[in-house]
Amino acid sequence: MKFHLMQTGVVGRRHEIEQGMAGQRPELYQRFLEEVKGYVQLADELGFYGYCQPEHHLQIEGFEANNHPGMFSLFVGQHSKRMKAGIMGYTMTTHNPVRVAEEIATLDHMLQGRLYCGFTRGYHARWVDAYGIKEGVSATTPDNVKARDEQDARNRSLFEEGVRVVKKAWTNDVFSHKGDNWQFPPEGGSTGHPAYAKYGKGQDENGRVQQIGIAPLPFQRPHPPIYGGFAASGRTIDFWAEEGGKLIVLSDNIDFCEQLNNRYIATAAKNGREVTKTDASAWGGFLMLTDDKDRAAKLMEEHMWFWDEWFIPLGQRPPNVLIGSADEIADKIGRAHDRLGFDELFLMFGQGHLEPEANQEELEKFISKVAPRFSIKDAEGTFV
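Predicted model only: the values in this text are computed from it and were never measured. (Residues numbered from 1 in each chain as written. Predicted model: local features only at pLDDT ≥ 70, side-chain atom pairs only at ≥ 80, totals over all residues. Heavy atoms only, no water.)

Engineer: Help me understand the overall build of the chain, please; the structure alone is not making it clear to me.
Structural biologist: In terms of helices and strands, the chain carries 14 helices and 13 strands. What you see for the chain is a C-alpha radius of gyration of 21 Å, in line with the 21 Å of a compact globule of 384 residues. Projecting the C-alpha coordinates of the chain onto the three principal axes gives extents of approximately 75 × 45 × 45 Å. Here the chain holds 384 residues, and 54% of them are scored as buried. At a minimum sequence separation of 6, the contacts of the chain that also span at least 24 residues come to 72%. (Helix = DSSP H or I, 4+ residues; strand = E, 2+ residues; numbered from the N terminus. Rg over C-alpha atoms; globule rule 2.2 N^0.38 Å. Buried < 20%, exposed > 50% of the residue type's maximum accessible area, 1.4 Å probe, protein only. Contact = heavy atoms within 4.5 Å.)

The structure is reproduced here in C-alpha cells:
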C-alpha cells in the first residue's frame, strides 16, 4: 500500500488566525515554508509515497494558502530524494488547459517522473470569480451540484473539457481542438513561420498553423498518473471512470464508498476500460494518532474549529477522521480495505494549526506502528 500525505496549507496557528489577516504576514509564511520543508524531508525519510497540496488563492485569512500547485510541487521535489509530489490539483475553471498541460509536463521533467496530479472544479467563489478563465464562470458548491443549476453546469463543462484538452496535449505530437469552451488553434488557424514547416508539424500548405503541440511532452509516458480530487457526485464519478483518473474518497461511510467504486467500475466498462476496485479509488482521512484519550479530544476540537470556521460555511462535509491509537487506526483502515480494496491511502494531517513536533511525532508513529501492517518498503525505502 502507498501512503500519501496531504497538507491543507494553513499559515498561522489558531490564535494567529484569530488576530486576522494571517495569510499576509511575511514572518508566518516564512515559518510555513520552513515547516513544510521539514515535513517533506521527514516524510521522504520515513517512506511516504507522495506529498500533496491543493490550489487556492487570495486566502488572506491564513487558511489554504497554496497558491501555485506547480511551483509548490517543485518545492516538494527540491526537498525530497525519492518521494513524489502530488498536485491536488489544478483548478481547471481558472486555467488555460494547454498551459496547464505544458506546465505539468515541464515539471514532470524537472522531477524526473516524481509527480502525479489531480484536477478540481473550484468551490471558493471569491478566488474562482477573480481567476475564472472564461466570462461567467464561478465556483460550484454541493448545493449547486444538487440543484444542477446553470452555475454548476458552466463550471462542470469548463472543467471536463479542460481536462480532456490537457490529456490530448500530453498524448499527441500536435493536435487541434474545438469544443464548447475552447478552440486551439483559433478559427482559421494562426500565422505560420517557415521554420514550423521545416522543423515541426501542424502548418498547412498555405502557411497557416492548424495544429499545435506542447514542448516538452511529459517525462512519464503517456503522462503522469491522474487522480480525481475528492470526488463525491455521480456525474463526477462517471467522468473520471471515462478519463482514467483514480478517485480520492475521504469518507467513513463505507457503503457510500462502495457505491462509488461500483459505479466507477460499471461506467469504465461501458467505455472499454476493465478496472478493479484497486484501480477505481484511493481512500483516506485526517490522521490523529495518539494513545491519550484527552489528547485525542483536544486534537478533534482543534480540527473541528478549523473545519467549522472555514469549510462548513462552504457546504463541505467534514472528512473521515482516523483518530485514536495505532491499533484503533489500523483496525479502521483494515475494515475499510476489506470492503474497498484500495492500495493507496491519503492522509491529511495537522500542518499549520498544530506545532511541528506534534505532527512529526504522529507521522513517525504512523510509519512505525501502522504502515508495516499494510505494506512493505521497496528497494529505495518507499512503502508500496
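Engineer: What is the right way to read helix α12 (residues 293–310) from this model?
Structural biologist: A turn of α-helix holds 3.6 residues, and therefore any two residues three or four places apart point the same way. Across its 18 residues, α12 extends 26 Å between first and last C-alpha, which sits within 8% of the 26 Å expected from 1.5 Å per residue. For α12, the set of buried residues is Ala 296, Leu 299, Glu 302, His 303, Trp 305, Phe 306, Trp 307 and Trp 310. Among the structural elements, α1 (14–19), α5 (125–131), β11 (281–289), β12 (321–324), β13 (344–348) and α14 (356–370) are those in contact with the buried residues of α12. Between the side-chain oxygen of the N-cap and the backbone nitrogen of Asp 294 there are 2.9 Å, and the N-cap of α12 in question is Asp 292. (Expected span 1.5 Å × (residues − 1). Polar contact = N/O pair within 3.5 Å; in protein donor to acceptor, adjacent residues only side chain to side chain.)

Engineer: What am I meant to see in the side chain of Asp 152 here?
Structural biologist: By secondary structure assignment, the location of Asp 152 is in helix α7 (residues 150–171). In terms of polar contacts, Asp 152 uses its side chain to reach the side chain of Arg 121, at 2.7 Å. A polar atom in the side chain of Asp 152 sits 2.7 Å from the side chain of Thr 140.

Engineer: Explanation requested: the nonpolar core in the structure shown.
Structural biologist: For soluble globular proteins, nonpolar side chains are generally found buried alongside one another. Formed by 105 residues in total, the largest nonpolar core has its most connected members in Phe 48, Phe 119, Trp 170, Trp 283 and Phe 366. If you tally residues by element for this core, the top one is helix α2 (residues 26–46), at eight residues. Ignoring sequence-local partners within four residues, the contact set of Phe 366 consists of Phe 3, Phe 48, Leu 287, Leu 289, Ile 333, Leu 345, Leu 347 and Ala 371. (Core = buried A, V, L, I, M, F, W, Y, C linked by side-chain atoms within 4.5 Å.)

Engineer: Would you explain the pattern of salt bridges in this entry?
Structural biologist: Pairing between side chains of opposite charge can happen when their charged atoms approach one another. Taken as a whole, this structure holds 29 salt bridges when the rule is applied. Between Glu 35 and Arg 31 there is a salt bridge whose closest N-O contact spans 3.7 Å. You can see Glu 35 and its partner Arg 31 sitting in helix α2, four residues apart, about one turn around the helix. Judged by its relative accessible area of 12%, Glu 35 is buried. Here Arg 31 falls in the partly exposed class, since its relative accessible area comes to 25%. For Lys 246, the salt bridge identified is with Asp 343, shortest N-O distance 3.1 Å. Here Lys 246, found in strand β10 (residues 246–249), pairs with Asp 343, found in the loop between α13 (326–340) and β13; they are 97 residues apart in sequence, far enough to count as distant. (Salt bridge = Lys/Arg side-chain N within 4 Å of Asp/Glu carboxyl O.)

The values reported here are purely geometric and, on their own, carry no functional implication.
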